[in-house]
Amino acid sequence: MGDKPPGFRGSQSWIGCVEASLCLDHFGGPQGRLYHVPRGAGLQGELERLYSHFAGGGGPVMVGGDADAQSKALLGVCLDPGTEAYVLVLDPHCWGAPKNPSELQAAGWVGWQEVSTAFDPHSFYNLCMTSCNSKEQNRALD
């Protein structure tokens, strides 16, 4: 796409949420809307947005941070009537033949995590919220 130096191609280097969003746009995949959260503690304030995203049919949310370099993909959010909130986290490094849900959970590839412990309160985070439709599909629906 021209946004990286020539040595990047074929390397083992990682891309972040911003680059993932650029790739989705460049290759005509689902749209990726970016949101920046200055501190992980601020994710508590994004839970309604995440809930609305998933309730409206939104796809996985890619998450990347600075101090917290562990990649995450969010597949859902659960807002408890009390003060607890949980996110369904998929480790994006999971690969291979599909396994049943209990195997994936037992191996730690996917599971519900409490928001207050799933994110570093001092790290910033970029959220790339994917939609089910590409730009072309959205134009066709208009």
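Report on the accompanying structure. (Residues numbered from 1 in each chain as written. Predicted model: local features only at pLDDT ≥ 70, side-chain atom pairs only at ≥ 80, totals over all residues. Heavy atoms only, no water.)

1. Observations concerning helix α2 (residues 47-55)
Then step 1. Of the positions making up α2, those classed as buried are L47, L50, H53 and F54. The arc that holds the buried residues of α2, viewed along the axis, is 120°, so those residues lie on one side. Looking at α2, the residues exposed on the side facing more than 90 degrees away from the buried face are E48 and A55.
Then step 2. Considering only its buried residues, α2 is in contact with β2 (61-65), β3 (72-79), β4 (85-90), α4 (115-118) and β6 (125-130). (Buried < 20%, exposed > 50% of the residue type's maximum accessible area, 1.4 Å probe, protein only. Helix = DSSP H or I, 4+ residues; strand = E, 2+ residues; numbered from the N terminus. Arc of directions from axis to C-beta. Contact = heavy atoms within 4.5 Å.)

2. Observations concerning the pattern of salt bridges
Then step 1. Following the criterion strictly, the structure yields 2 salt bridges and no others.
Then step 2. The partner of K4 in a salt bridge is E19, and the shortest N-O contact between them spans 2.9 Å. Taken as a pair, K4 in the segment before α1 (17-26) and E19 in helix α1 lie far apart in primary sequence, 15 residues in all.
Then step 3. The partly exposed category is assigned to K4, whose relative accessible area is 28%.
Then step 4. Here R49 ties to E46 by a salt bridge, and the two come within 2.6 Å at their closest N and O atoms. (Salt bridge = Lys/Arg side-chain N within 4 Å of Asp/Glu carboxyl O.)

3. A word on the pairing of β3
Then step 1. In this sheet, β3 lies alongside β2 in antiparallel orientation, the contact comprising 3 bridges. Across the sheet, residue V61 finds its bridge partner in β3, namely L74.
Then step 2. As judged from the 6 bridges shared by β3 and β4, these two strands associate in the antiparallel manner. Bridged to G76 within β4 is L88.
Then step 3. Where β3 hands over to β4, the hairpin turn is made up of 5 residues, counted between the paired strands. (Pairing = 2+ DSSP bridges.)

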